[in-house]
Amino acid sequence: MKKNILFFLIYTTSYFNSQTYTTNFNVNIENKDVKTIVDLWQSYLKTNSKEYWNIAETKDLKNFNILNIEGVINPSLMNWNFSNHILSVNPLSEDSYLIKSIFEGENKSVFAIANVLAKRENGNYKLSNYLFDYTKSWKSNSSGNITYFYRPDYILNQEEVSQAEKFYSELCKTFNLKHEKLTYFIAKDCDNIYDILGYEYIFSKGMSKECGYYEIQNNFIFATENAGANHYHEITHFINKFYPNANYLLLTGISAYLSGEKAHFGKSLVYHTKRVHEYLEKNKEINLSNPFEFYKLDENTNPQYVIGGLLCDLIIERKGKNGLIEAFSNTKSDEDLLKFLQMKILKKNENLNDILRKKIKEISKLNEFPNKLKG
């Protein structure tokens, strides 16, 4: 989910270099345990080393710090060189403390307030993800390849579970991929997703009615109760790790293209295509020959999902599934994708702007966006 990422990238164009690590006046560093935990957290922030982290989590998780999830902000939290100010270190039990700290940019701009745990392990404190402590009382359900975690009062829809398993199997079959186990967290809403991740505050909190995230290294899916147990859009992101040289616009597009009625913000791709069509009819000056620049419509539709889906559809239409896989393998940069389209997809004298506008108009009129990978 990249809707709010654009805001962040526009807000600042450089990494922050002047890092500081401080504690609030109320943090009692005269207390031996508190001082040890402060040093532990700050040492981790300076090095991003797993030596400071819970051994079991570093063993089981490729990305052992779940706060460091791409998509919530891009690049992920630990890659911005933020300063950090510890607000509190409070005991939860005899051997467990909650660290609450602010991640700050230049001019003391607050980007996140994060929670992380420090737990005593073999006599020494180690850091631990807030996620697992927050969800320890949640219910769980394991199907064939997907394990769900959800709030005790949430009723898991078994039909959706079956649909998700079927979709995942078809996805792996389509792209000839081996199944891996997925872990699927169903939070109450978008803000609750941030809560369970450990973000007490993040600049995008409260801005989205619907959202979802896929943590690619651990195959963790974070969805809302509104999205349910079959958030096809996020499940589709499983393929991303196998195509590191795919352009982000194609990966964005395929996640919407394959997701049916839940393509983007819980609505179908047809719905969003019709909205894009209406907008383009009123804004003739928009040139889709540079598809990367048409990224804003309104809070209900990100046109990049429509444009990306259309590009995938065009490639499949003219070169089949193998052509799409070829595109996923050779289009890392925007220039690479434009070159691929020009040399291998577009016919002589064809214009990408005209082709995309024509497709948008046709799909809107038909009220149907068929998946050409089916059948």
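Residues numbered from 1 in each chain as written. Predicted model: local features only at pLDDT ≥ 70, side-chain atom pairs only at ≥ 80, totals over all residues. Heavy atoms only, no water.

For the rest of this paragraph, the subject is the pattern of salt bridges. Going through the model one piece at a time under the given rule, you end up with 18 salt bridges. Note that Asp-33 and Arg-120 form a salt bridge whose closest N and O atoms lie 3.6 Å from each other. With Asp-33 in helix 2 (residues 32-47) and Arg-120 in strand 4 (residues 110-121), this pair connects stretches of sequence that are 87 residues apart. Taking the relative accessible area as the measure of exposure, Asp-33 reaches 22% and is therefore partly exposed. The partner of Glu-104 in a salt bridge is Lys-108, and the shortest N-O contact between them spans 3.7 Å. One network of salt bridges, with partners in common, ties together Asp-313, Glu-317, Lys-359 and Lys-372. (Salt bridge = Lys/Arg side-chain N within 4 Å of Asp/Glu carboxyl O. Helix = DSSP H or I, 4+ residues; strand = E, 2+ residues; numbered from the N terminus. Buried < 20%, exposed > 50% of the residue type's maximum accessible area, 1.4 Å probe, protein only.)

What follows deals with the packing of helix 9 (residues 269-282) against helix 10 (residues 303-329). Relative to each other, helix 9 and helix 10 sit at 105°, their axes nearing to 9 Å. Taken together, the axes of helix 9 and helix 10 lie roughly perpendicular to each other. On helix 10, the residues that touch Leu-269, His-272, Thr-273 and Val-276 of helix 9 are Pro-303, Tyr-305 and Val-306. (Axes fitted to C-alpha atoms, helices over the stretch in contact; angles between N-to-C directions. Parallel < 35°, antiparallel > 145°, perpendicular 65-115°, else oblique. Contact = heavy atoms within 4.5 Å.)

In this section: the confidence of the model for the chain. On average, residues of the chain score 93 in pLDDT, and 95% of them reach the 70 mark or higher. Low confidence marks residues 1-16, where pLDDT is under 50. Its contacts with residues over four positions away, or in another chain, come to 47 contacts. (pLDDT = per-residue confidence, 0-100.)

This paragraph deals with the environment of Gly-323. Tracing the sequence through the fold places Gly-323 in helix 10. Once the C-alpha coordinates of Gly-323 and Lys-344 are considered, the two residues, 21 residues apart in sequence, prove to be 8.9 Å apart.

It is worth spelling out the state of the cysteines at this point. In this structure the tally under the stated criterion is one disulfide. Between the sulfur of Cys-190 and that of Cys-211 lies a disulfide, 2.4 Å long from S to S. One end of the pair, Cys-190, is in helix 6 (residues 190-197); the other, Cys-211, is in the loop between strand 9 (199-202) and strand 10 (213-215), and 21 residues separate them in sequence. Cys-211 carries the same exposure label as Cys-190, and that label is buried. A disulfide-free cysteine, Cys-172 has its sulfur positioned 17 Å from the sulfur of Cys-312, the nearest such atom. For Cys-172, a relative accessible area of 2% translates into the label buried. You can call Cys-312 buried: its relative accessible area is 0%. (Disulfide = S-S within 2.5 Å.)

A word on the sheet that holds strand 10. In space, the five strands of this open sheet follow the order 6-7-8-11-10, with mixed pairing throughout. On the outer flanks of this sheet lie strand 6 (139-142) and strand 10, each paired with one strand and no other. Put simply, the sheet's adjacent strands are angled 20° from each other on average, direction ignored. In this sheet, strand 8 (residues 182-187) lies alongside strand 7 (residues 146-150) in parallel orientation, the contact comprising five bridges. Along strand 8, the bridge assignment pairs Thr-147 with Thr-183. The sheet strands contacting helix 5 (residues 158-174) are strand 6, strand 7 and strand 8, and the helix crosses strand 7 at an angle near 145°. On the sheet, helix 6 packs against strand 8, strand 10 and strand 11 (220-224) and is oriented at approximately 145° with respect to strand 11. (Pairing = 2+ DSSP bridges.)

A word on the pairing of strand 2 (residues 83-93). Here strand 1 (residues 21-23) runs beside strand 2; their pairing, made up of three bridges, is parallel. Across the sheet, the residue bridging to Thr-22 is His-85, located in strand 2. In this structure, strand 2 lies alongside strand 3 (residues 96-104), joined through nine bridges in antiparallel fashion. In the strand pairing of strand 3, Asn-90 is matched with Leu-98.

Right, let's talk about the packing of aromatic side chains for a bit. Each aromatic ring pair is described using two quantities: the centre-to-centre distance and the angle formed by the ring planes. Tallied over the full model, the rule gives 27 aromatic pairs. Ring centres of Tyr-150 and Tyr-154 lie 5.9 Å apart, and the angle between their planes is 65°; this geometry places the pair in the edge-to-face category. Taken as a pair, Tyr-150 and Tyr-154 share a single burial class, namely buried. Joined through ring pairs, the aromatic side chains of Trp-41, Tyr-44, Trp-53, Phe-64 and Phe-103 make up one cluster. The positively charged end of Lys-267 is found above the aromatic ring belonging to Tyr-271, 5.3 Å away from the centroid. (Phe/Tyr/Trp six-rings, centres within 6.5 Å; stacked < 30°, edge-to-face > 60°. Lys NZ or Arg CZ within 6 Å of the ring centre and 35° of its normal.)

On to helix 10. The end-to-end C-alpha separation of helix 10 is 24 Å, well short of the 39 Å expected for 27 residues at 1.5 Å each. Along its length, helix 10 reaches its greatest deviation from straightness, about 125°, at Lys-319. (Expected span 1.5 Å × (residues − 1). Bend = angle between axes of the 7 residues up to and from the residue.)

With that settled, consider the side chain of Thr-252. Along the chain, Thr-252 falls in helix 8 (residues 248-257). Of the residues examined, Thr-252 reaches a relative accessible area of 9% and is grouped as buried. Those residues within four positions of Thr-252 in sequence are excluded, and the remaining contacts are Gln-304 and Tyr-305.

Grouped together as the largest cluster of nonpolar side chains are 68 residues, with contacts concentrated most on Tyr-148, Phe-175, Ile-254 and Phe-328. Counting residues per element, this core draws most heavily on helix 10, which supplies 12 residues. The contact partners of Tyr-148, leaving out residues within four places of it in the chain, are Lys-139, Ser-140, Asn-141, Ser-143, Leu-156, Val-161, Ala-164, Tyr-184, Ile-186 and Ala-229. Among the nonpolar cores identified, the runner-up in size contains 49 residues, and Tyr-44, Ile-86, Val-116 and Cys-211 belong to it. (Core = buried A, V, L, I, M, F, W, Y, C linked by side-chain atoms within 4.5 Å.)

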